[in-house]
Amino acid sequence: MKSYLQSHLKQLEAEAIYVMREVAAQFENPVLLFSGGKDSIVMAHLAYKAFFPAKIPFPLLHVDTGHNFDETITFRDKYIEKIDAKLIVRYVQDSIDQGRVIEETGPYASRNGLQTVTLLDALTEFKFEAALGGARRDEEKARAKERFFSHRDAFGQWDPKNQRPELWSLYNGQKKPKESFRVFPISNWTELDVWMYVQQEGIQLPSLYFSHQREVINRDGVLLAASDVVYPVEDEVIETRTVRFRTIGDMTCTGAVESPAATIADIVDEVASARVTERGARADDQRSEAAMEDRKKQGYF
């Protein structure tokens, strides 16, 4: 079984590296989207291996909502320094200040949806032709519709009915002026694959992914970390629970799960028996049945 798993991970790794090298070959100005979460860290690790001993030939881009976990930002900066990559950061707060977006108000407000405009502006600012992201098809039904090379129109929008065929691992990067692509090298990976690869490669991750005690608020079944931007309303109370995060994003919509898993081996065992997807704890995906697909059509990664 161990030999089979190693072969399985090696095949996924080779596929992802092949896609990254295709991007470097077909596009003059690509970028890797980086959030400091496990999938983007694995992506950066794969890019490092794909082009070693040279440096990663494209920059990394983080869209900072301003409501990120402190642990994520601290880890991000240390990791970028470790791999000696170029990091570009663009802020949702700047988009708000410039009048490009209007911030939501009230206790349920979130900046998660606002980052689409900040992302599209950044891609336009630097004239990036292709943005590599760490999305996987097992995350959510809208993700499952993606190709490896996901075509976007001149406005950065996605049409799920206008996807190009990808037979025999042939990827079509042809585009008209102002059009672009989002590229997803780890599309075929599952959450369990990611964790087994992290374990195999000895990849370091933010402490948020491991069991710890944290003050949380149970909001409609989602355990949100209590903070300046997430506070109790109505009958909600702040309570301390032993939790970890399966996915990391904006604090206003990223839910924790109760878990004793304190090591990668523990998490691999836990994920192997999980019956709820990792995005099941994301409040932003629960706003509507088609929340993710609607955001992707507008230009979300």
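The preceding data block contains the structure.
Bear in mind that the values here come from a model prediction, so they are computed numbers and not experimental data.

K.L.:
Got a minute to help me understand the overall build of the protein chain in this structure?
P.N.:
A count of helices and strands for the protein chain gives 8 helices and 10 strands. For 301 residues, the compact-globule formula gives about 19 Å, and the C-alpha radius of gyration of the protein chain, at 19 Å, lands near that figure. Structurally, the protein chain occupies a C-alpha span of about 55 × 55 × 35 Å along its principal axes. Burial analysis of the protein chain (301 residues in total) assigns 53% to the buried set. If you sum the accessible surface of the protein chain, you get close to 14500 Å²; carbon and sulfur atoms cover 51% of it. Averaging the positions of the 39 positive and the 47 negative side-chain charges in the protein chain gives two centres separated by 6 Å.

K.L.:
Just to check I follow, could you spell out the pattern of salt bridges for this structure?
P.N.:
When their charged atoms lie close together, side chains carrying opposite charge are able to pair. Enumeration according to the criterion identifies 18 salt bridges in this entry. Arg76 is the partner of Asp77 in a salt bridge, and the nearest nitrogen-oxygen pair spans 2.9 Å. For Asp77, a relative accessible area of 38% puts it in the partly exposed group. The buried category is assigned to Arg76, whose relative accessible area is 7%.

K.L.:
What is the right way to look at the sheet that holds strand 10 (residues 255–258) in this model?
P.N.:
Strand pairing in a sheet relies on backbone hydrogen bonds. The paired strands run either parallel or antiparallel. Taking strand neighbours around the barrel as the criterion, the 4 strands line up as 7-8-10-9 in a closed arrangement whose pairing is antiparallel. Each adjacent strand pair in this sheet contributes to an overall mean axis angle of 65°, direction not counted. With 6 bridges connecting them, strand 7 (residues 212–219) and strand 9 (residues 238–244) associate as antiparallel partners. Of the residues in strand 9, the one forming a bridge with Arg214 is Arg241.

K.L.:
It is not clear to me how the pairing of strand 6 (residues 180–183) should be interpreted in this structure. Could you clarify?
P.N.:
Taken residue by residue, a regular strand's side chains alternate between the two faces of the sheet. In strand 6, alternate side chains face the same way, and those of Ser180 and Arg182 on one face and Phe181 and Val183 on the other are all buried. Summarising the sheet, strand 4 (residues 130–132) and strand 6 pair through 3 bridges and their orientation is parallel. Within the sheet, the bridge partner assigned to Leu132 lies in strand 6 and is Val183. Both strand 5 (residues 149–152) and strand 6 contribute to a ladder of 4 bridges, which runs antiparallel. Counterpart to Phe149 in the pairing with strand 6 is Val183.

K.L.:
Honestly, the sheet that holds strand 6 in this entry has me stumped. Any pointers?
P.N.:
Ordered in space as 3-2-1-4-6-5, the 6 strands form an open sheet in which the pairing is mixed. Either end of the sheet is taken by a strand with one partner, and the two such strands are strand 3 (87–91) and strand 5. Put simply, the sheet's adjacent strands are angled 30° from each other on average, direction ignored. Along the sheet face, helix 2 (residues 38–51) touches strand 1 (30–33), strand 2 (60–64) and strand 4 and points at about 140° away from the line of strand 1. Strands in contact with helix 5 (residues 115–125) are strand 1, strand 2, strand 3, strand 4 and strand 6; relative to strand 2, the strand with the most contacts, it is inclined by about 145°.

K.L.:
Quick question: what am I supposed to make of the nonpolar core here?
P.N.:
In summary, soluble globular proteins display a tendency toward joint burial of nonpolar side chains. Within the largest apolar cluster, 59 residues are counted, with the highest numbers of intra-cluster contacts made by Leu32, Leu46, Phe149, Trp189 and Trp195. Elements that contribute at least two residues to this core include exactly helix 1 (2–26), helix 2, helix 3 (70–83), strand 4, strand 6, helix 6 (191–201), strand 8 (222–225) and helix 7 (264–272). The element best represented in this core is helix 2, accounting for 8 residues. If you look at the next biggest cluster of nonpolar residues, it comprises 14 residues, including Val31, Leu33, Ile88 and Val101.

Conventions adopted
- Residues numbered from 1 in each chain as written.
- Predicted model: local features only at pLDDT ≥ 70, side-chain atom pairs only at ≥ 80, totals over all residues.
- Heavy atoms only, no water.
- Helix = DSSP H or I, 4+ residues; strand = E, 2+ residues; numbered from the N terminus.
- Rg over C-alpha atoms; globule rule 2.2 N^0.38 Å.
- Buried < 20%, exposed > 50% of the residue type's maximum accessible area, 1.4 Å probe, protein only.
- Areas by Shrake-Rupley, 256 points an atom, 1.4 Å probe, with all protein chains shown as cover.
- Lys, Arg positive; Asp, Glu negative; His and termini not counted.
- Charge placed at Lys NZ, Arg CZ, Asp CG, Glu CD.
- Salt bridge = Lys/Arg side-chain N within 4 Å of Asp/Glu carboxyl O.
- Pairing = 2+ DSSP bridges.
- Axes fitted to C-alpha atoms, helices over the stretch in contact; angles between N-to-C directions.
- Contact = heavy atoms within 4.5 Å.
- Core = buried A, V, L, I, M, F, W, Y, C linked by side-chain atoms within 4.5 Å.

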